[in-house]
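A look at the structure
Each chain, letter by letter, is given below.
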There are 2 protein chains.
Amino acid sequence: MKLLEERIAKDGRVIGTEILKVDSFLNHQIDVNLLDEIGKELFRLFKDRHITKVITIEASGIAIAVSAARYFNVPCVFAKKARSLNIGKDVYRSKVHSFTYDNDYDITMSQSYLNSDDTVLIVDDFLANGAALKGMISICEQASASIGGIGICIEKGFQPGGDEIRSKGYPLESLAIIESMSEEGIVFRNA
Amino acid sequence: MKLLEERIAKDGRVIGTEILKVDSFLNHQIDVNLLDEIGKELFRLFKDRHITKVITIEASGIAIAVSAARYFNVPCVFAKKARSLNIGKDVYRSKVHSFTYDNDYDITMSQSYLNSDDTVLIVDDFLANGAALKGMISICEQASASIGGIGICIEKGFQPGGDEIRSKGYPLESLAIIESMSEEGIVFRNA
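Our subject in this report is the structure included herewith. Bear in mind that the values here come from a model prediction, so they are computed numbers and not experimental data. (Residues numbered from 1 in each chain as written. Chains lettered and ligands numbered in written order. Predicted model: local features only at pLDDT ≥ 70, side-chain atom pairs only at ≥ 80, totals over all residues. Heavy atoms only, no water.)

Next up on the list: the pairing of strand β10 (residues 172-182) of chain B. All names here are of chain B. Relative to β10, strand β9 (residues 146-156) runs parallel, the two being bridged by six bridges. Along β10, the bridge assignment pairs I154 with A176. Across four bridges, β10 lies against strand β11 (residues 185-188) in antiparallel orientation. Considered in β11, the bridge of S182 is made with G185. Connecting β10 to the next strand, β11, in antiparallel fashion are two residues. (Pairing = 2+ DSSP bridges. Helix = DSSP H or I, 4+ residues; strand = E, 2+ residues; numbered from the N terminus.)

With that settled, the discussion passes to the nonpolar core. Among the nonpolar cores identified, the biggest contains 74 residues, and A:L4, A:V54, B:L4 and B:V54 are the most heavily contacted of them. With residues near it in sequence (within four places) discarded, A:V54 still touches A:A65, A:A68, A:A69, A:F72, A:V74, A:P75, A:C76, A:V77, A:L121 and A:V123. By size, the runner-up hydrophobic cluster in this structure holds 28 residues, among which are A:Y105, A:A131, A:I137 and A:C140. (Core = buried A, V, L, I, M, F, W, Y, C linked by side-chain atoms within 4.5 Å. Buried < 20%, exposed > 50% of the residue type's maximum accessible area, 1.4 Å probe, protein only. Contact = heavy atoms within 4.5 Å.)

Next up on the list: unusual backbone geometry. The omega torsion of the bond from A:E58 to A:A59 falls at 0°, within 30 degrees of zero and hence cis. Despite not being glycine, B:D102 has its phi angle at roughly 50°, a positive value. Overall, the relative accessible area of 60% leaves B:D102 in the exposed class.

This paragraph deals with the interface of chain A and chain B. If you look at the interface, chain A gives 41 residues, while chain B gives 41 residues. The largest share of the area that chain A buries against chain B comes from A:H28, A:Y101 and A:Y113, three residues that together contribute 20% of it. Across the chain A-chain B interface, the total number found is two salt bridges. For B:R70, the salt bridge goes to A:D36, with nearest N and O atoms at 3.2 Å. (Buried area = accessible area lost by both parts, 1.4 Å probe. Salt bridge = Lys/Arg side-chain N within 4 Å of Asp/Glu carboxyl O.)

Scope: geometric values only; no functional claims are made or implied.
Structure follows, in structure tokens:
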């Protein structure tokens, strides 16, 4: 997605060779016009997949999921991280490893909002090692829901998550794939 | 807001006299059409306030903030809860007490995204004791930003937060105010 790549090149900040900060427009401050275009592009990519739900994990996936869900005109559901007194007992649960913090956390989703009638679009802001994504795939499997698509805003193509998920046959599309990056600049795949 | 009150009455679940679960349409699964109407109503209420930013706290405020920000055509910024390795050092910070979990947590917002030129609309899904809201007000004060409005989806009118914030002169509007509730039903203020 040209618009997103251009924005990353303009406003993204690379720290070292692994950290890309996009918090001026995507996951801390949010540019609502760009967000609309992201939702529209995800709809264009997956509109024939009979999507019934868009799911993500709190917190930074929520804006993207809501934007996509508007175009599909279906509900969005976000998995919660760990502790939630009020969520109840009937939940799907999956363990996710955080490479950033080097620890594990649980994600949960109420069983009321995902079941075998659903065809899901999974979305997230970043894909690197794929840990969060595998957690969401596990939740879809627990619900016997079909995965109609996986839509990622920014894939770090130099980390293994994307290739691993694709090799398993999942319909994964990333709006921008970074081949390599440094403080000198960012190289996008197929750009 | 009639549409929201009707939806709460139809799909909200009251547990005891203090817990209202709206996770089938507002803060776990999200009805994107209702969300659009909420954004539109917040715009109607505060459109003359020269709003330059919509702010909230992750996670359940994000969808509402994004929806409102679309109508105002301004960026949305969400405060982060606690630990964030990548957020950097130049942050506004405020301590929030959680009555649900009986503990304190920090919220942070990068200083890059809020300053004295801003007029802010603060939004959130719930207002009960007002702890989260006071944290956001503190962040606006630290930034010397003006508070142009505070828009809440559901205020628990039987808890003190709303009256306390109003008595200080803040322009607070809640789309639905619950006077009392029990498993027998919900009574809205001015309904």
